[in-house]
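# Architecture and fold: a report
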Amino acid sequence: MIRLRILFIFFCILHGLNASTQFSVATDGSLLRNLSSQQKFWAFGQTVQLNFYPSADGKNAIYTWVSYYTTGKFKNNFTASAKDAATNPQLIQYTAHTDLRYRHLSVGWKHYLIGAYNSENIWNIYGYGGFGLLLGKATNSFNKEVDSSAYNIEQPLQGSSAFKRLTFDAGLGTE
């Protein structure tokens, strides 16, 4: 249902543009690496970008993109301590396995500093800036059952949770 709405909005935007407006669709692959010492993982991704070129000079564009990545996986070791001195054993070692997934939506403006989108120069250089929404989902599972009523469990908690973050996207590019 959501896909149909997005497709409908896309066609409404295309229909509303005048005949001289041009657009392009591009895709790329990417590799995401988290460098945090406790959460190192790799994830492969793809970005689908739609560019609208409303000006005749080809120097400006409005872009929108959707990026999505495979699930990044990492694990950390923890120790749960007993809440009561009579509980045996006093310490339980466990491993938390985490799956982390990212999706990113962005809308912004692109300006060609050298060249233009329709230029036949060898190199075109552009800058872009926009705002986006980063959607994530984290799932934690433990390698053994730890009773939270008898033991103090460190972070992370077992289960799944989703999060959203606003982003400011800026960069330089070449084509």
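Check the entry above for the structure.
One structure accompanies this document, and this report is about it.

Reading the values: the criteria
Residues numbered from 1 in each chain as written. Predicted model: local features only at pLDDT ≥ 70, side-chain atom pairs only at ≥ 80, totals over all residues. Heavy atoms only, no water. Helix = DSSP H or I, 4+ residues; strand = E, 2+ residues; numbered from the N terminus. Buried < 20%, exposed > 50% of the residue type's maximum accessible area, 1.4 Å probe, protein only. Salt bridge = Lys/Arg side-chain N within 4 Å of Asp/Glu carboxyl O. Core = buried A, V, L, I, M, F, W, Y, C linked by side-chain atoms within 4.5 Å. Contact = heavy atoms within 4.5 Å. Phe/Tyr/Trp six-rings, centres within 6.5 Å; stacked < 30°, edge-to-face > 60°. Pairing = 2+ DSSP bridges.

Before going further, it helps to spend a moment on the side chain of Asn-140. Relative to the helices and strands, Asn-140 is located in strand 6 (residues 125–142). Under the relative-accessibility criterion, Asn-140 is labelled buried at 13%.

All chains considered together, the criterion is met by 1 salt bridge. Between Lys-73 and Asp-99 there is a salt bridge, and its shortest N-O distance comes to 3.5 Å. With Lys-73 in strand 4 (residues 72–82) and Asp-99 in strand 5 (residues 91–114), the pair connects residues that are 26 residues apart, well separated along the chain. For Lys-73, a relative accessible area of 56% translates into the label exposed. With relative accessibility at 29%, the residue Asp-99 sits in the partly exposed group.

Here we take up the nonpolar core. If you look at the biggest cluster of nonpolar residues, it comprises 10 residues: Phe-78, Ala-80, Ala-82, Ile-92, Tyr-94, Ala-96, Phe-142, Val-146, Ala-150 and Tyr-151. Excluding its chain neighbours within four sequence positions, the residues that come into contact with Phe-78 are Ile-92, Gln-93, Tyr-94, Ala-96, Glu-154, Gln-155 and Pro-156. With 7 residues, the next largest nonpolar core counts Phe-41, Ala-43, Tyr-69 and Tyr-102 among its residues.

So, about the side chain of Ser-67. Within the fold, Ser-67 resides in strand 3 (residues 60–69). Not counting residues up to four positions away in its chain, the partners in contact with Ser-67 are Gln-46, Thr-47, Tyr-102, Arg-103 and His-104.

Summed over the entire model, instances satisfying the criterion amount to 12 aromatic pairs. Ring centres 3.8 Å apart and planes at 10° place the aromatic pair Tyr-53 and Tyr-117 in the stacked group. In this pair, Tyr-53 is assigned in strand 2 (residues 41–53) and Tyr-117 in the loop between strand 5 and strand 6, connecting sequence segments 64 residues apart. On the accessibility criterion, Tyr-53 (5% relative accessible area) is buried. Residue class for Tyr-117 comes out buried when judged on its relative accessible area of 19%. The interplanar angle of 40° and the centroid separation of 6.4 Å between the aromatic rings of Tyr-126 and Tyr-128 together place this pair among those described as tilted.

With that settled, the discussion passes to the pairing of strand 1 (residues 22–34). As paired strands, strand 1 and strand 2 are joined by 13 bridges and run antiparallel to one another. Bridging across to strand 2, Thr-27 finds its partner in Val-48.

Attention now goes to the environment of Ile-122. Examined against the element boundaries, Ile-122 turns out to sit in the loop between strand 5 and strand 6. Taking relative accessible area as the criterion, Ile-122 reaches 74% and is therefore assigned exposed. Each C-alpha atom, one on Ile-122 and one on Glu-175, is 8.2 Å from the other, the two residues being 53 residues apart in sequence.

When strand 5 meets strand 6, the two strands line up antiparallel, connected through 18 bridges. Bridge pairing in strand 6 links Ser-106 to Gly-132. One ladder, built from 16 bridges, connects strand 6 with strand 8 (residues 159–174); its direction is antiparallel. The partner of Gly-136 across the bridge, within strand 8, is Phe-163.

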